[in-house]
Amino acid sequence: MSAAFRKAAKSGQRPHRERAQPACRKKLGLLEKKKDYRLRADDYHKKQNALRALQKKALDKNPDEFYFKMIRAELQDGVHTIKQPKDEVTPEQVKLMRTQDIKYVEMKRVAEAKKIERLKSELHLLDAEGKKPNKHVFFFDTKKEVHEFDIATHLDTVPELVDRVYNRPTIATLQKETLKGATDPARLKKLAQQRKNQYDLLKQRIEREKAMFVIAQKIQTRKDLLDKTHKVKVKKETTNGPAIYKFKFQRKR
């Protein structure tokens, strides 16, 4: 009962309010309240604790302590930045490194060219996409022969094999020998997809070989620019070719 009575008694009390700044001291600004003092005191004690921790760290520091970042870092605009070491290489060493780069790229390009030749020998480019279609011209003496012309009869094969550019046996061959290879439409479709994948791979390898050839040319151009001979740029560098320079002719002794 006493607790409930105290709560009921407090409900009727006036709320406690801190007094405002007196009129005679209004020129000094707002009067600091308890919550303002608490914020200021917490900030002050936080700074004091940080200073004491730094003082203790300085007293406990080993005078012989050393880190390489002490000499590799510098302060720029209040930010610590690590100094970038300069490459100590001679012009001869740079030329040798460029030569090694050219040899590596050329080795990879030759390996790619060999793979391209191997793929071409397997595929023969018979039905590659984008390949210019072959033309087979037949000559006749009269217009009647032209109107009566039947390509399947002329080639001595069945009409289903007329459109093929490879493996087109004659009727006599089909009668003598059994048909070899896949004849199922699903199997033929799968083989056609595999052939298309091989052509796509061949196209990618050809593009890669061209890109490596351009890279080798650009590295060689940069290596030639290390020479102190007077030169004039004739053509700017592009994605498909290196820059072209015209060097002053010097007679070698």
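A quick note: this is a predicted structure, and the numbers were derived from the prediction, not measured.

On to the overall build of the chain, then. A tally of regular secondary structure across the chain gives eight helices and four strands. Along the chain, from the amino end to the carboxyl end, the secondary structure elements read α-α-α-β-β-α-α-α-α-α-β-β. A burial count over the chain gives 12% of its 253 residues as buried. Pairs at least 24 apart in sequence give 41% of the contacts found in the chain among residues at least 6 apart.

Backbone geometry at aspartate 77 places phi at a positive 55°, although glycine is not the residue there. Residue placement: aspartate 77 occurs in the loop between strand S1 (73-76) and strand S2 (79-82). Residue classification places aspartate 77 among the exposed positions, given a relative accessible area of 82%.

Attention now goes to a nonpolar patch on the surface. A surface patch of nonpolar side chains, amounting to about 560 Å² of accessible area, comprises Phe66, Tyr67, Phe68, Met70 and Ile71. With respect to the helices, strands and loops of the structure, methionine 70 is situated in helix H3 (residues 69-72). Methionine 70 gets classed as partly exposed once you look at its relative accessible area, which sits at 43%.

Okay, the pattern of salt bridges next. Scanning all chains against the criterion turns up eleven salt bridges. In this structure, the salt-bridge partner of glutamate 209 is arginine 109, at a minimum N-O distance of 2.7 Å. Taken together, the residues span a long stretch of sequence, with glutamate 209 in helix H8 (residues 185-225) and arginine 109 in helix H4 (residues 91-123) at a distance of 100 residues. The closest approach of N and O atoms between glutamate 112 and arginine 205, which form a salt bridge, is 2.6 Å. With glutamate 112 in helix H4 and arginine 205 in helix H8, this pair connects stretches of sequence that are 93 residues apart. Since its relative accessible area comes to 16%, arginine 205 is described here as buried.

Side chain to side chain, arginine 205 and glutamate 112 meet in a polar contact 2.6 Å long. Excluding anything up to four places from it in sequence, arginine 205 contacts Glu112, Lys115, Ile116 and Leu119.

Side chains of Lys108, Lys114, Lys115 and Arg118 sit close together on the surface and give a patch of like positive charge. Summarising the element assignment, lysine 115 is placed in helix H4. Assessed through its relative accessible area of 34%, lysine 115 is described here as partly exposed.

Counted at 1.5 Å a residue, the expected span for H8 with its 41 residues is 60 Å, and the 60 Å between its end C-alpha atoms agrees. Here H8 has its buried residues at Tyr199, Leu202, Arg205, Glu209, Met212, Val214, Ala216, Lys218, Ile219 and Thr221.

So, about the packing of aromatic side chains. With the rule as written, the count across this model stands at three aromatic pairs. Relative to phenylalanine 68, the ring of phenylalanine 66 lies with its centre 5.4 Å away and its plane at 75°, an arrangement referred to as edge-to-face. The exposure class assigned to phenylalanine 66 is partly exposed, which follows from its relative accessible area of 47%. Clustering of aromatic rings is evident, with ring pairs tying together Phe138, Phe140 and Phe149.

Next up on the list: the environment of valine 214. With respect to the helices and strands, the residue valine 214 is situated in helix H8. Separated by 27 residues in sequence, valine 214 and glycine 241 place their C-alpha atoms 5.7 Å apart. With residues up to four places along the chain from it excluded, the contact list for valine 214 reads Thr239, Asn240 and Gly241.

We now examine the confidence of the model for the chain. Caution applies to low-pLDDT regions: their predicted coordinates should not be interpreted in detail. Here the chain shows a mean pLDDT of 81. Residues at 70 or above account for 86%. Helix H7 (residues 171-176) is the least confidently modelled element of the chain, averaging 74 in pLDDT, while helix H2 (residues 34-59) averages 94, the highest of any element.

Let us now look at the pairing of S1. When S1 meets S2, the two strands line up antiparallel, connected through four bridges. Its bridge partner lying in S2, leucine 75 is registered against histidine 80. Turn length for the S1-S2 hairpin, with the two strands adjacent in sequence and antiparallel, is two residues, and the turn residue aspartate 77 shows positive phi of about 55°.

Cut-offs and rules
- All chains use their own residue numbering, which begins from 1 and follows the written sequence.
- The predicted nature of this model means local features are confined to residues of pLDDT at least 70 and side-chain atom pairs, given and counted, to a pLDDT of 80 or more, with totals for whole chains, interfaces and linings taken over all residues.
- Only hydrogens and water are set aside when side-chain values are computed; all heavy atoms of the structure are taken into account.
- Segments assigned H or I by DSSP are reported as helices when at least four residues long, segments assigned E as strands when at least two residues long, and all are numbered from the N terminus.
- To sort residues, take the accessible area from a 1.4 Å probe on protein chains only and compare it with the maximum for the residue type: under 20% means buried, over 50% means exposed, and anything in between is partly exposed.
- It only takes one pair of heavy atoms within 4.5 Å for two residues to be counted as in contact.
- Within this analysis, patches are made of residues with over 30% relative accessible area and no salt bridge. Like charges are joined at 9 Å or less; nonpolar side chains (Val, Leu, Ile, Met, Phe, Trp, Tyr) at 5 Å or less.
- All accessible-area figures derive from a Shrake-Rupley calculation using a 1.4 Å probe, and residue coverage is judged against the displayed protein chains alone.
- Salt bridges are defined by distance alone: a side-chain nitrogen of Lys or Arg within 4 Å of a carboxyl oxygen of Asp or Glu.
- Whenever two N or O atoms come within 3.5 Å, that pair is a polar contact, provided that in protein one can donate a hydrogen and the other can accept it, and provided that, for residues adjacent in sequence, both atoms are side-chain atoms.
- Neither His nor the chain ends contribute to the count of charged residues, in which Lys and Arg are positive and Asp and Glu negative.
- Taken as the charge centre is NZ of Lys, CZ of Arg, CG of Asp or CD of Glu, depending on the residue.
- Take the number of residues in a helix, subtract one, and multiply by 1.5 Å to get its expected span.
- Pairing of aromatic side chains here covers Phe, Tyr and the six-membered ring of Trp, requires ring centres within 6.5 Å, and sorts the geometry by plane angle: under 30 degrees stacked, over 60 edge-to-face, intermediate tilted.
- The predictor's confidence in any single residue is recorded as pLDDT, a number from 0 to 100.
- Two strands form a pair only when DSSP identifies at least two bridges running between them.

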